[in-house]
Amino acid sequence: MATNVVNPCDGETVEDKQDRGVPVAILAAARANLLFRARWAEVNGALGDLGTYIPIIMALALAKDLDLGTTLVFTGVYNIITGVIYGVPMPVQPMKSIAAVAISTASFGVPEIMAAGICTSAVVFLLGATRLMELAYKFIPLPVVRGIQLAQGLSFAMTAVKYVRYDQDLAKGKASGDRHWMGLDGLVLAIAATVFVVIVNGAGEAAEQGREEQVIHEQGGERRRVKPWRKVIFSVPSAVLVFVLGIILAIIREPGVVKELKAGPSRIHVVKISKHAWKEGFIKGAVPQLPLSVLNSVIAVCKLTTDLFPDKVASATSVSITVGLMNLVGCWFGAMPCCHGAGGLAGQYKFGGRSGACVALLGAAKLTVGLVLGGSLLRLLVEFPVGLLGVLLLFAGVELAMAARDMSSKAESFVMLICAAVSLVGSSAALGFVCGIVVHVLVVLRRLLTTDRNT
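In short, a report on the structure.

Criteria and cut-off values
Residues numbered from 1 in each chain as written. Predicted model: local features only at pLDDT ≥ 70, side-chain atom pairs only at ≥ 80, totals over all residues. Heavy atoms only, no water. Helix = DSSP H or I, 4+ residues; strand = E, 2+ residues; numbered from the N terminus. Contact = heavy atoms within 4.5 Å. Areas by Shrake-Rupley, 256 points an atom, 1.4 Å probe, with all protein chains shown as cover. 1 Å grid on protein atoms, 1.4 Å probe; cavity = no way out; pocket = protein on both sides within 12 Å on 5 of 7 lines; lining within 4 Å. Points joined across faces, edges and corners; volume = space filled by probe spheres on them. Nonpolar A, V, L, I, M, F, W, Y, C, P; charged D, E, K, R; others polar. Axes fitted to C-alpha atoms, helices over the stretch in contact; angles between N-to-C directions. Left-handed = near helix turned anticlockwise from the far one by under 90°. Phe/Tyr/Trp six-rings, centres within 6.5 Å; stacked < 30°, edge-to-face > 60°. Buried < 20%, exposed > 50% of the residue type's maximum accessible area, 1.4 Å probe, protein only. Core = buried A, V, L, I, M, F, W, Y, C linked by side-chain atoms within 4.5 Å. Salt bridge = Lys/Arg side-chain N within 4 Å of Asp/Glu carboxyl O. Parallel < 35°, antiparallel > 145°, perpendicular 65-115°, else oblique. Pairing = 2+ DSSP bridges.

Regarding the overall build of the protein
From N to C terminus, the protein includes 21 helices and six strands. Taking the intrachain contacts of the protein between residues at least 6 apart in sequence as the baseline, contacts between residues at least 24 apart amount to 82%. A total of about 21,400 Å² of accessible surface is found on the protein, and carbon and sulfur atoms cover 66% of it.

Concerning the layout of surface pockets
Approximately 1,200 Å³ is the volume attributed to the largest pocket. Lys96, Ala100, Gln152, Ser155 and Thr159 are, among the 37 residues lining the largest pocket, the residues nearest its centre. If you list the elements that add at least two residues to the lining of the largest pocket, you get α3 (50-64), α5 (96-104), α8 (142-165), β2 (166-169), β3 (174-178), α14 (275-308), α20 (410-426) and α21 (429-454). Here the lining of the largest pocket takes nine residues from α8, the largest share from any one element. Per-class residue counts for the lining of the largest pocket are 22 nonpolar, 12 polar and three charged.

Things to note about the environment of Ala46
With respect to the helices, strands and loops of the structure, Ala46 is situated in helix α2 (residues 39-46). In sequence terms Ala46 and Ala365 are 319 residues apart; their C-alpha atoms lie 9.9 Å from each other. Leave out the neighbours within four places in its chain, and Ala46 touches Gln348, Cys358 and Leu362.

Quick word on the packing of α3 against α5
For any two helices packed against each other, the geometry is given by the interaxial angle and the distance between the axes. It is the contact of α3 with α5, at a shortest axis distance of 10 Å, that shows an interaxial angle of 35°. Crossing of α3 against α5: the hand is left-handed. Residues Thr52, Ile56, Ala59, Leu60 and Lys64 of α3 form the contact with α5, whose participating residues are Lys96, Ala99, Ala102 and Ile103. Here the contact of α3 with α5 is composed, by residue class, of six nonpolar, one polar and two charged.

A word on the packing of aromatic side chains
The tally for this structure, following the rule as stated, stands at six aromatic pairs. Taking the centre distance of 6.4 Å and the plane angle of 50° together, the rings of Phe74 and Tyr78 count as tilted. Of this pair, Phe74 and Tyr78 both sit in helix α4 (residues 68-86), four residues apart, which is roughly one turn of that helix. On the basis of relative accessibility, which here comes to 14%, the residue Phe74 falls in the buried class. With relative accessibility at 6%, the residue Tyr78 sits in the buried group. One aromatic cluster is present, formed by Phe74, Tyr78 and Phe333 through successive ring pairs.

Comments concerning the nonpolar core
Core analysis: the largest hydrophobic core is formed by 105 residues, its most contacted members being Leu60, Met114, Val319 and Met336. Looking at this core, the element that brings in the most residues is α14, giving 11 residues. Beyond its immediate chain neighbours, meaning those up to four positions away, Leu60 contacts Asp65, Leu66, Ala99, Ala102, Ile103, Ile113 and Met336. With seven residues, the next largest nonpolar core counts Leu150, Ala151, Ala401 and Ala404 among its residues.

Observations concerning the pattern of salt bridges
If you walk through the whole model with that rule in mind, you get eight salt bridges. For the salt bridge of Asp406 with Arg146, the shortest nitrogen-to-oxygen distance reads 2.8 Å. Of this pair, Asp406 sits in the loop between α19 (386-401) and α20 while Arg146 sits in helix α8, and the two are 260 residues apart along the sequence. Asp406 gets classed as partly exposed once you look at its relative accessible area, which sits at 37%. For Arg146, a relative accessible area of 1% puts it in the buried group. Between Glu280 and Lys284 there is a salt bridge, with the nearest N and O atoms lying 2.8 Å from each other.

Here we look at the packing of α5 against α14
Orientation of α5 relative to α14, taken along the N-to-C sense of each, is 150°, at an axis distance of 8 Å. Classified by the interaxial angle, the pair formed by α5 and α14 is roughly antiparallel. Read as a crossing pair, α5 and α14 show a hand that is right-handed. Contact residues: α5 offers Lys96, Ser97, Ile98 and Val101, while α14 offers Lys284, Gly285, Pro288, Gln289 and Leu292. Here the contact of α5 with α14 is built from residues that sort into four nonpolar, three polar and two charged.

A look at the side chain of Lys96
By the secondary structure assignment, Lys96 is in helix α5. When neighbours within four sequence positions are excluded, Lys96 is seen to be in contact with Thr52, Ile56, Gln152, Phe156 and Gln289.

Digging into the pairing of β2
Inspection of the sheet shows β2 paired to β3 by four bridges, in the antiparallel sense. The partner of Asp167 across the bridge, within β3, is Gly177. In sequence, β2 turns back onto β3 through a hairpin of four residues, with Gly173 there showing a positive phi of about 70°.

Below, the structure written as structure tokens:
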């Protein structure tokens, strides 16, 4: 009779080995996903998305009393989990359409915000669980996706320029006048930070060699050593230095904020959502957010992940499910509705993020600060120079927009630009998507008719 014993010394069967092998394989995959690809580059990349994250959470905390401590704790956990799962700098960003409605509508409070996040995430989760999102990912034409990415990237870049040029009232989401040239949040400071980032990071292609620490590389058939001064420049953590400078300037602008910091986390409680809040949250928040979540938070993220990390897999199904689960848990406790975003991924990649360790490190920092300081951190962030946040957001937006450079024909570029133009002017990714699909179909039909005539 055959036996399943593999080794008489340990007495383990094949089934025992296999059962033990599953968790071992999972731990090995998680360890590989959290492996730092470069020293400072991953730390630098972790801060590449703060230009989007900080202004929105500040605005919601100031205008709607969103609990900053709770949001930091939950988004920190989200960052760590997504880093472990995907092994790429998969971002955790605020749901921007819901945030915009909340800031601009006086009656749209925390219960409505949470209801909108739960409704949006429930739909996205169902689309992922039923694999309908995977079908959308496969059949949506690439020029349309690139148009959405281009529009989102340019939107980020234009918002960044406004942050740099004008003083901002983030609680109202409006500019409050021209920014002064001099001062701790002046134009000179923002321009100097921009020049510094361009010198260090360039357009990204040269810095890639330095961050991967390729001391020897092939060029023209000859082995040439990278010059030491170039290696030093490429290894400078530009985003880290800009952020640290911002913290220092915030304390200088208002030294009293240090005394206002209080130890201890925020009290976490379940948000009570009335029937009216569910209705308002769904109609005013979830309906306009859904197209943006589907197109930018899932479809565009998966496309960009494939572009930047060909050896990594981020399926539309898995991304939809993680977006859904994040908010189906966190929103009940008052955490800001979140999603993934192509802009955040592009920003973290731009500044050096290459693995899940990048976002896991950011998540650990958020979690620690949320537990240690809680909501009292808001007072410090209010003094943070908005111009420097604009600098970080500018490069994240440009990096996302540059994903559209791979259009190989005039017809593809035409569809992409129509889609991007409508998305920008109409401020609606859904409208741009519909127009892009229609134009794409018309271009294909015209090509088929022309081909038939010629034959």
